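Given next are the chains, with one letter for each unit.
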Amino acid sequence: MFFTVCPTGSNYRLVDGRCYYIENVKQSSYDTAQAGCSGKFPKGGRLFEPLSLEINEKVLIASREVISGNAWYYIGIKRGSSVSAFKFVSSGVTVPYAMPWHPSSPSTSDSIRCVYARSSDLIWDDSVSSLSWYAICESV
């Protein structure tokens, strides 16, 4: 469901008719970030799953209004192993576009499964799921 207005609060941003919550407290793991998103919207939430590069860029740019500088965010994309495709967590659908990777990514290590997005330059990186990063949430 798409919102025409966001819930009240300084961390919510309306981007292209959809509401997002920009977490301004670092989360200790991917699972913690995902769990935190569930309570951010009336009908539940999840980590942001950028369905296109355009919406990825717009949401990351909007996140700069909440956290300025070089912030990394958990997003709702993972893979099962070093040889599997990166997929949207909620649907299991493979990301259908060329991902905007950091020059050193993606990793070939089997322990590297989570994807992070950086707001300053709109790039992604992958790493273990236990880093302390912010999160971007969207409604379900």
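Structure's up top.
Quick caveat: nothing in here was measured; it's all calculated off a predicted structure.

Draft legend 1. The arrangement of the pattern of salt bridges in detail. Enumeration according to the criterion identifies seven salt bridges in this entry. For Arg-46, the salt bridge goes to Glu-138, with nearest N and O atoms at 2.9 Å. Taken as a pair, Arg-46 in strand S3 (residues 45-47) and Glu-138 in strand S8 (residues 134-139) lie far apart in primary sequence, 92 residues in all. Close ionic contact of Asp-121 with Arg-118 constitutes a salt bridge, the shortest N to O distance being 2.5 Å. Among the residues examined, Asp-121 registers a relative accessible area of 36% and is labelled partly exposed.

Draft legend 2. Inspection of the packing of aromatic side chains at higher detail. On inspection of all chains with the given rule, the structure shows 11 aromatic pairs. Ring centres of Tyr-30 and Tyr-74 lie 5.9 Å apart, and the angle between their planes is 75 degrees; on these two criteria the pair is classed as edge-to-face. Of this pair, Tyr-30 sits in helix H1 (residues 30-37) while Tyr-74 sits in strand S4 (residues 72-78), and the two are 44 residues apart along the sequence. Each member of the pair, Tyr-30 together with Tyr-74, is buried. Among the aromatic residues, those joined into a cluster by ring pairs are Tyr-30, Trp-72, Tyr-74, Tyr-116 and Trp-133. Lying over the aromatic face of Tyr-30, Lys-78 brings its terminal NZ or CZ to 4.3 Å of the ring centre.

Draft legend 3. Geometry of the state of the cysteines. Enumeration over the complete set of coordinates arrives at two disulfides. Residue Cys-6 pairs covalently with Cys-19 via a disulfide, S to S 2.2 Å. When the S-S torsion is 130 degrees, as for the bridge of Cys-6 with Cys-19, the disulfide is right-handed. Here Cys-19 lies in strand S2 (residues 18-22) and Cys-6 lies in the segment before strand S1 (12-15), a separation of 13 residues in the sequence. Take Cys-6: its relative accessible area is 21%, and that puts it in the partly exposed class. With a relative accessible area of 0%, Cys-19 lands in the buried category.

Draft legend 4. Looking closely at the side chain of Ser-119. Along the chain, Ser-119 falls in the loop between strand S6 (114-118) and strand S7 (123-127). Given the relative accessible area of 0%, Ser-119 is considered buried. When residues no more than four places from it in sequence are discounted, the contact partners of Ser-119 are Leu-60, Ser-63, Arg-64, Gly-69, Ala-71 and Tyr-73.

Draft legend 5. The arrangement of the nonpolar core in detail. One finds Tyr-73, Ile-77, Trp-124 and Ile-136 to be the most contacted residues of the largest nonpolar core, which totals 25 residues. Secondary-structure elements contributing two or more residues to this core are S2, helix H2 (53-63), S4, S6 and S8. Each residue touching Tyr-73, except ones within four places of it in the same chain, is listed here: Ile-22, Glu-23, Leu-60, Ser-63, Ile-67, Val-115, Tyr-116, Ala-117, Ser-119, Tyr-134, Ala-135 and Ile-136. Core analysis: the second largest hydrophobic core is formed by 16 residues, Tyr-12, Tyr-74, Ile-123 and Trp-133 among them.

Draft legend 6. Highlighting the environment of Ser-130. Mapped onto the fold, Ser-130 is located in the loop between S7 and S8. According to the relative accessible area criterion, Ser-130 is exposed, its value standing at 53%. Between the C-alpha atoms of Ser-130 and Ser-90, which are 40 residues apart in sequence, the distance is 20 Å. For Ser-130, the contacting residues outside a window of four places in its chain are Ser-28, Ser-29, Tyr-74 and Tyr-116.

Reading the values: rules and limits
Residues numbered from 1 in each chain as written. Predicted model: local features only at pLDDT ≥ 70, side-chain atom pairs only at ≥ 80, totals over all residues. Heavy atoms only, no water. Salt bridge = Lys/Arg side-chain N within 4 Å of Asp/Glu carboxyl O. Helix = DSSP H or I, 4+ residues; strand = E, 2+ residues; numbered from the N terminus. Buried < 20%, exposed > 50% of the residue type's maximum accessible area, 1.4 Å probe, protein only. Phe/Tyr/Trp six-rings, centres within 6.5 Å; stacked < 30°, edge-to-face > 60°. Lys NZ or Arg CZ within 6 Å of the ring centre and 35° of its normal. Disulfide = S-S within 2.5 Å. Contact = heavy atoms within 4.5 Å. Core = buried A, V, L, I, M, F, W, Y, C linked by side-chain atoms within 4.5 Å.

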